[in-house]
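# Topology and contacts: notes
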Amino acid sequence: AGGAQGAGESEALHTLRRVFGYDAFRGEQGQIIDHVVGGGDAVVLMPTGGGKSLCYQIPALVRPGTGVVISPLIALMQDQVDALRALGVRAGFINSTLDFEERRVVEAEFLAGELDLLYLAPERLRLEATASLLERGKISLFAIDEAHCVSQWGHDFRPDYLELAVLGERWPEVPRIALTATATPDTHREIGQRLGMPSARSFVASFDRPNIQYRIVPKRDPRKQLLRFVKEEHAGDAGIVYCLSRNSVERTAEFLSGNGVEAVPYHAGLDAGTRAAHQARFLREDGLVVVATIAFGMGIDKPDVRFVAHLDLPKSVEGYYQETGRAGRDGLPSTAWLAYGLQDVVQQRKLIESGEGDQAFQRRARGHLDAMLALCETVRCRRGELLAYFGQEPEQGAEGYRCGNCDTCLTPPETWDATVPAQKVLSAVVRLKRERGQKFGSGHIVDLLLGRKTAKVIQFDHDALTVFGIGTELGEPEWRGVVRQLLAQGLMEVEGEHGTLVLTDASADVLRGAREVRMRKDVLPAQQARSGGGQ
Ligand code: ADP
Ligand code: ZN
């Protein structure tokens, strides 16, 4: 077997050069390909842009038969297949977008042994017709892309993935390779278990993307902050800006374009032609900014995206990491920039509470959001926290780790003793709780502390409360920061679709004065600009 492997390796390298035009393997690609060419199962964890595709494409070319690729990204299959065909690779796909005749052609090619690679959506494997088709052809390997979708605890669970364990039962002699860019240690374990690959070899690449500078700033006037960031640090660069809603995508793209930064929108509400045109421009032109909802960027291979900006808080660290990973695939300095504020926290919690999904689902969603908040509020190195989250804690521990290329390393955040302000907010929450049946959100609490006689304050006689006007030592942005950090630190919670603030078990210690609360000092955008801003 040793000899055969050696021959496989050189054939693999030959294929890399001849078909793909690259000189050498990157990272562990060579070992992974070797292992699969030799018939072994593999679980591959590699960050976005790491080069996962070649890990199954080359073995599929080297081994006899067709490599069957399971991917949930139906919308990308056409592009992937076109790109492979342009390189002379015989590739095809079967999914719901094909009509009967088109499907028949692909099936015939597969059966005649004329395909190197066949892309399939996972739900197709549930159909006996698909299984029997596969049984009649010759398969070189199964590649299971986006393998984290098998994890019920992950952020992207797809029930169809659970059925994929059947591949090992029906085709025990065909090697399988499962790949993902987002896996915490738990998900990693689950992939091997649920796909029925207990003895697969694991290949875990470093998740560090040293050329990406991570920065998270408090949100004040997000579009203006974004504009300044782009103009000062990335003028003329290609970038992606993520927003949560279509409306916000449209308005942000207009705002940038109106202020000298060429930008186009991309979201599911635009017709397919416009979307394709905007994507094509992004790939072709040098300095275009695409403002998009999260769907944009999956499978898009543009190496020189210089920045990824988030105007809304991502729902999970996995999502954040995947989206920011689209920057700087060429290894050159790039920036991941996120603006986040109190409203994000409240809105996301409300979405979870009012959304569909059972209790277990909501609990999971809250867990994902809490991890994201912790990343936003940390006073430690962001990269250290990210690596620790993905189970790759630096040797000296995340505590003291300093990467030197994130905002907390470059300008260590000052912290301050926020115990008294925290007590004031919590007291107001306690006081308002006595008004049974009434729901008061964070905005009202801040109004109360500042002693503002708003319509709502007058309506409920809240200017008579003892907490009214006790917080004039801070301004509104500071109070919003205090509320946000109390939420992020678990000292307060948002409840129900009204966004009512409630205490947690930990709040009592603060109110009793038995616990000090330290918070990070929010750097005002103006101060940031004055201290030189652009690194
Ligand atoms: P992933 O699927 O892990 O996000 P891709 O497979 O799309 O990453 O690869 C990312 C980019 O790196 C692609 O442009 C790919 O062609 C390129 N690439 C992959 N392997 C190599 C290599 N060995 N040498 C040079 N470029 C590579
Ligand atoms: Zn750092």
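Residues numbered from 1 in each chain as written. Chains lettered and ligands numbered in written order. Predicted model: local features only at pLDDT ≥ 70, side-chain atom pairs only at ≥ 80, totals over all residues.

Per an unreviewed UniProt entry, the protein chain carries the name DNA helicase RecQ and comes from Streptomyces cacaoi. Recorded in UniProt under Sequence similarities (unreviewed entry), the annotation for the protein chain is "Belongs to the helicase family. RecQ subfamily." Database annotation for the protein chain, UniProt heading Catalytic activity (unreviewed entry): "Couples ATP hydrolysis with the unwinding of duplex DNA by translocating in the 3'-5' direction." (UniProt positions renumbered as here; feature names shortened; annotations may be inferred.)

## Quick word on the site of ligand 1
Near ligand 1, the surroundings consist of 15 residues, among which Y22, R26, G51, K52 and S53 are the closest. Here the shell around ligand 1 is built from residues that sort into 5 nonpolar, 6 polar and 4 charged. (Near = placed C-beta within 6 Å. Nonpolar A, V, L, I, M, F, W, Y, C, P; charged D, E, K, R; others polar.)

## Looking at the sheet that holds strand 10 (residues 263-266)
In a beta sheet, neighbouring strands are held together by backbone hydrogen bonds and run either parallel or antiparallel to one another. With parallel pairing, the 6 strands of this open sheet are ordered in space as 8-13-12-9-11-10. Single-partner strands in this sheet number two, and they are strand 8 (212-218) and strand 10. Direction aside, neighbouring strands of the sheet carry axes that sit 15° apart on average. Relative to strand 11 (residues 289-292), strand 9 (residues 239-242) runs parallel, the two being bridged by 4 bridges. Paired with Y242 across the strands is A292, a residue of strand 11. Set on the sheet, helix 11 (residues 272-284) makes contact with strand 10 and strand 11; between it and strand 10 the angle comes to about 135°. (Pairing = 2+ DSSP bridges. Helix = DSSP H or I, 4+ residues; strand = E, 2+ residues; numbered from the N terminus. Axes fitted to C-alpha atoms, helices over the stretch in contact; angles between N-to-C directions. Contact = placed C-beta atoms within 7 Å.)

## Some words on the pairing of strand 8
Burial runs high along strand 8: 7 of the 7 residues are buried. Neither face of strand 8 is open: one carries I212, Y214, I216 and P218, the other Q213, R215 and V217, and all of them are buried. One ladder, built from 7 bridges, connects strand 8 with strand 13 (residues 334-340); its direction is parallel. Within strand 13, the position partnered with I216 by the bridge is L338. (Buried ≥ 20, exposed ≤ 12 C-beta atoms within 10 Å, placed from the backbone.)

## Brief notes about the sheet that holds strand 4 (residues 117-120)
Pairing is parallel in the open sheet, where 7 strands are placed in the order 3-4-2-5-6-1-7. If you trace the sheet from one side to the other, it starts and ends with strand 3 (91-94) and strand 7 (201-204), each paired once. Within the sheet, the average angular offset between the axes of one strand and its neighbour, ignoring direction, is 20°. Sheet analysis places strand 2 (residues 66-70) next to strand 5 (residues 139-144), joined by 5 bridges and oriented parallel. Across the sheet, V69 pairs through a bridge with A143, a residue of strand 5.

## Side note on helix 20 (residues 476-488)
Taking 1.5 Å per residue as the helical rise, helix 20 with its 13 residues ought to reach 18 Å, and the 18 Å between its terminal C-alpha atoms agrees with that figure. For helix 20, a buried count of 10 out of 13 residues is recorded, marking the element as mostly surrounded by other parts of the structure. Along helix 20, the residues that are buried comprise W479, R480, G481, V482, V483, R484, Q485, L486, L487 and A488. Note on helix 20: the residue one or two positions beyond its end, G490, has a positive phi of about 75°. (Expected span 1.5 Å × (residues − 1).)

## A look at the packing of helix 18 (residues 442-450) against helix 20
Geometry of a packed helix pair, given as the angle between the helix axes and the separation of the axes. As a packed pair, helix 18 and helix 20 sit with axes 10 Å apart at the nearest point and diverge in direction by 130°. When the interaxial angle is binned, helix 18 and helix 20 end up oblique. The hand of the helix 18/helix 20 crossing is right-handed. Side by side, helix 18 and helix 20 meet where S442, I445, V446, L449 and L450 of the first sit next to E476, W479, R480 and V483 of the second. Of the residues that constitute the contact of helix 18 with helix 20, the class distribution is 6 nonpolar, 1 polar and 2 charged. (Parallel < 35°, antiparallel > 145°, perpendicular 65-115°, else oblique. Left-handed = near helix turned anticlockwise from the far one by under 90°.)

## Re the environment of H462
Mapping H462 onto the fold places it in the loop between helix 19 (455-459) and helix 20. H462 sits 11 residues away from G451 along the chain, and the two C-alpha atoms are 9.4 Å apart. Setting aside chain neighbours within four positions, we find H462 in contact with L448, V457 and F468.

## Examining the nonpolar core
Judged by nonpolar contacts, the single largest core of 81 residues is most densely connected at V241, V290, V291, A422, V425, I445 and V483. Among residues more than four places away in sequence, those in contact with V290 are I240, V264, Y266, H278, F282 and F296. In this structure, A12, I33, L120 and C149 belong to the second largest nonpolar core, which totals 58 residues. (Core = buried A, V, L, I, M, F, W, Y, C linked by C-beta atoms within 7 Å.)

## Let's talk about the packing of helix 17 (residues 419-433) against helix 18
As a packed pair, helix 17 and helix 18 sit with axes 10 Å apart at the nearest point and diverge in direction by 115°. In terms of axis orientation, helix 17 runs roughly perpendicular to helix 18. Crossing angle aside, the handedness with which helix 17 passes helix 18 is right-handed. Packed against helix 17, whose contacting residues are K424, V425, A428 and V429, the element helix 18 presents I445, L448 and L449 at the interface. Looking at the contact of helix 17 with helix 18 residue by residue, the classes come out as 6 nonpolar, no polar and 1 charged.

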